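Chains, contacts and geometry: an overview
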There are 2 protein chains.
Amino acid sequence: MIHIAIVEDSIDAREGFRYLLNLDPDIKVIQAFESAEPLLMQEELLNNIDVILMDIELPGMDGIEATHRIRRAYPDIDILILTIFEEQDKILRAIHAGATGYVLKNSDPTELVSQIKSIREGGSPISPHVARKLLEQMQKSNDQQRTPEDYQLTKREIEICIEIINGYTYREMAEHLNMAGSTAKRHILNVYKKLGVNSKVEFMKKVVDEGLFHIH
Amino acid sequence: MIHIAIVEDSIDAREGFRYLLNLDPDIKVIQAFESAEPLLMQEELLNNIDVILMDIELPGMDGIEATHRIRRAYPDIDILILTIFEEQDKILRAIHAGATGYVLKNSDPTELVSQIKSIREGGSPISPHVARKLLEQMQKSNDQQRTPEDYQLTKREIEICIEIINGYTYREMAEHLNMAGSTAKRHILNVYKKLGVNSKVEFMKKVVDEGLFHIH
DNA sequence: ACGACAATTATCCGTTTAGATGATATAATG
DNA sequence: CATTATATCATCTAAACGGATAATTGTCGT
């Protein structure tokens, strides 16, 4: 039996979902809310539900913020975003807030039950248009990735780059790599020329922008 | 009419998909291949198909590499990965290679037609288990994000931080913000104390690591 | 053998930083 | 009212940095 709470400000949608879901013998809608705050205060309820259907636009706290708070306090609850919004911005924020799925309200409502069941089986239902936005986001960030080879950095220069990224001074990196400070500097300046930058900070920026060297 | 090519090494699966898809009046399977290389050489074919169903494990070039090459040369072709693999690694590589969708072979085969049609309508069908892996990936990297507020940076200090990130010197940022260079410095050093760093480079590293300030 | 490049070191110069110290003014807090 | 935090400016020092120039060594390919 899957226990469900609904947070949805439109009474029609709210009661529609409640009715639809209760038709399934494996699902029980415990309570439906028109805003997030009342749900957040029901501690004993939150300890006994499995899935929350969450709208984004709500009076008071929005569904993304609510998702964030609930997931932090009750990591076992799965939250399925159910909304009309398909802006990349909202989608990403919802996912970062910890949403388990993101379904558009214009989807086939009869599929909602199978989507909820799929959540309990370890899946994350995502409407195709939402998924497209996600993929585009992931592909975009990967578009103009560069590598040290693209700039024809030499072995030694690459070592130096890593030292810079780790915040060392000329002297320190020279010690680590067994060379004179002046040599370390020579290499760095060559790297600057090759990358077209003029300082460590610009260098760092370029490294981050282009994903040169995988930091962390 | 949606024109389709299939790349799938198992003859049973290949002919099964071909049969299944040809049942739909809006879909026509132009050709089915058992490996990627023959498809890549059919230039005139590639100029006339809309969607490719692509397996990952193939004799010779794998489906991910094939996806990469096709997408680079024919960006208008949508590629739907259709595979048994649900490892995060393969999923991510396929997406970075430019896949438009990623469906598991154990999905309901009768849904394949609607998934292909959803692609042509700008969607990206993704099996729920695959989507879960994607969301987990996106959420993981977002775990220990910090904000300027977490370090109680003041308005002025935040302005200074942005100047640093943009690579300006004390003097330059002082001009931009209408203050003396010494004041700019004063602020920076305060920021360093609050963040626990000792130089611009360490500052940059922290900003990158913790996602303080959204660069770009 | 020659040239091109990588790697190494050094020196000089002016600028920029980090760090310390001190001072003033204003707003918020207790 | 006293205290604290913020914002402002100045001065000083030592270290680090960016830029230019020059020289030596080894390797690789032509």
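Residues numbered from 1 in each chain as written. Chains lettered and ligands numbered in written order. Predicted model: local features only at pLDDT ≥ 70, side-chain atom pairs only at ≥ 80, totals over all residues. Heavy atoms only, no water.

1. So, the protein's contact with DNA strand C
With respect to spatial proximity, 21 residues lie near DNA strand C, and among them A:Thr154, A:Thr183, B:Tyr170, B:Lys185 and B:Lys200 are the closest. Near the protein, within 4 Å, the atoms of DNA strand C are sugar or phosphate in 66% of cases. Contact distances for DNA strand C include 2.8 Å between a phosphate oxygen and a side-chain N or O atom of A:His187. Elements with a minimum of two residues in the surface near DNA strand C: helix H8 (155–165) and helix H10 (181–195) of chain A together with helix H9 (170–176) and helix H10 (181–195) of chain B. The leading source of residues in the surface near DNA strand C is H10(A), at 5 residues. Residues that form the surface near DNA strand C fall into these classes: 6 nonpolar, 7 polar and 8 charged. (Near = heavy atom within 4 Å. Polar contact = N/O pair within 3.5 Å; in protein donor to acceptor, adjacent residues only side chain to side chain. Helix = DSSP H or I, 4+ residues; strand = E, 2+ residues; numbered from the N terminus. Nonpolar A, V, L, I, M, F, W, Y, C, P; charged D, E, K, R; others polar.)

2. Observations concerning the interface of chain A and chain B
Facing the 37 residues of chain A at the interface are 37 residues of chain B. Together, the buried faces of chain A and chain B total about 3200 Å²; carbon and sulfur atoms form 65% of this surface. Residue assignment for the side of chain A that touches chain B shows that the elements contributing at least two residues are helix H5 (88–96), helix H6 (112–120), helix H7 (128–140), H8 and helix H11 (200–210) of chain A. Ranked by residue count, the leading element in the side of chain A that touches chain B is H7(A), at 8 residues. Of the residues that constitute the side of chain A that touches chain B, the class distribution is 17 nonpolar, 14 polar and 6 charged. (Contact = heavy atoms within 4.5 Å. Buried area = accessible area lost by both parts, 1.4 Å probe.)

3. Let's talk about the packing of helix H1 (residues 11–22) of chain A against H6(A)
Residues and elements named next belong to chain A. Closest axis-to-axis distance for the H1/H6 pair is 10 Å, and the angle between their directions is 70°. The pairing of H1 with H6 is recorded here as roughly perpendicular in orientation. Between H1 and H6, the residues in contact are Phe 17, Leu 20 and Leu 21 and Leu 112, Val 113 and Ile 116, respectively. Considered class by class, the residues forming the contact of H1 with H6 number 6 nonpolar, no polar and no charged. (Axes fitted to C-alpha atoms, helices over the stretch in contact; angles between N-to-C directions. Parallel < 35°, antiparallel > 145°, perpendicular 65-115°, else oblique.)

4. Looking at the relation of the copies chain A and chain B
After a rotation of 180° and a shift along the axis of 1.1 Å, chain A superposes on chain B with an RMSD of 1.5 Å. Here the two chains are linked by the operation of a two-fold rotation axis. (Least-squares fit on C-alpha atoms with pLDDT ≥ 70 in both.)

5. Quick word on the packing of aromatic side chains
Aromatic ring pairs are reported here in terms of the distance separating the ring centres and the angle at which the planes meet. Taken as a whole, this structure holds 1 aromatic pair over all chains when the rule is applied. A centroid spacing of 6.5 Å and a plane angle of 45° characterise the contact between B:Tyr192 and B:Phe203, whose relative ring orientation is tilted. A residue pair is termed long-range when its members are at least 10 positions apart, and B:Tyr192 in helix H10 and B:Phe203 in helix H11 (residues 200–210) qualify at 11 residues. Both residues of the pair, B:Tyr192 and B:Phe203, belong to the buried class. Cation over ring: A:Lys90 sits above A:Phe85, and NZ or CZ is 4.5 Å from the ring centre. (Phe/Tyr/Trp six-rings, centres within 6.5 Å; stacked < 30°, edge-to-face > 60°. Buried < 20%, exposed > 50% of the residue type's maximum accessible area, 1.4 Å probe, protein only. Lys NZ or Arg CZ within 6 Å of the ring centre and 35° of its normal.)

6. Overview of the sheet that holds strand S2 (residues 27–33) of chain A
All names here are of chain A. Strand order in the open sheet formed by 5 strands is S2-S1-S3-S4-S5, with parallel pairing between adjacent strands. Here the strands that pair on one side only, and so sit at the sheet edges, are S2 and strand S5 (101–104). On average, each strand axis in the sheet is tilted by 20° relative to the strand beside it, whichever way the strands run. On top of the sheet, H6 reaches strand S1 (2–7), S2, strand S3 (51–54), strand S4 (78–83) and S5; it is set at about 150° to S4, its chief contact. (Pairing = 2+ DSSP bridges.)

7. Describing the environment of A:Lys90
Residue and element names in this part refer to chain A. Position of Lys 90 among the secondary structure elements: in helix H5. Along the sequence, Lys 90 and Ile 56 sit 34 residues apart, while their C-alpha atoms lie 8.6 Å from each other. Beyond its immediate stretch of four places on either side in the chain, Lys 90 contacts Ile 56, Ile 64, Phe 85 and Tyr 102.

8. As for a negative patch on the surface
Where like charges cluster on the molecular surface, the negative patch consists of A:Asp108, A:Glu111, B:Asp108 and B:Glu111. Along the polypeptide, B:Asp108 turns up in the loop between strand S5 (101–104) and helix H6 (112–120). Relative accessible area serves as the criterion here: at 41%, B:Asp108 is assigned to the partly exposed category. (Patch = residues over 30% accessible without salt bridge, like charges linked within 9 Å, V, L, I, M, F, W, Y side chains within 5 Å. Areas by Shrake-Rupley, 256 points an atom, 1.4 Å probe, with all protein chains shown as cover. Salt bridge = Lys/Arg side-chain N within 4 Å of Asp/Glu carboxyl O. Lys, Arg positive; Asp, Glu negative; His and termini not counted. Charge placed at Lys NZ, Arg CZ, Asp CG, Glu CD.)

9. Considering the protein's contact with DNA strand D
If you check the shell around DNA strand D, you find 20 residues, and the closest are A:Lys185, A:Arg186, A:Lys200, B:Thr154 and B:Ala180. Of all atoms in DNA strand D that approach within 4 Å of the protein, 65% are sugar or phosphate atoms. Between a sugar or linking oxygen of DNA strand D and a main-chain N or O atom of A:Asn198, the distance comes to 3.2 Å. B:Ser182 has a polar side-chain atom sitting 3.4 Å from a base nitrogen of DNA strand D.

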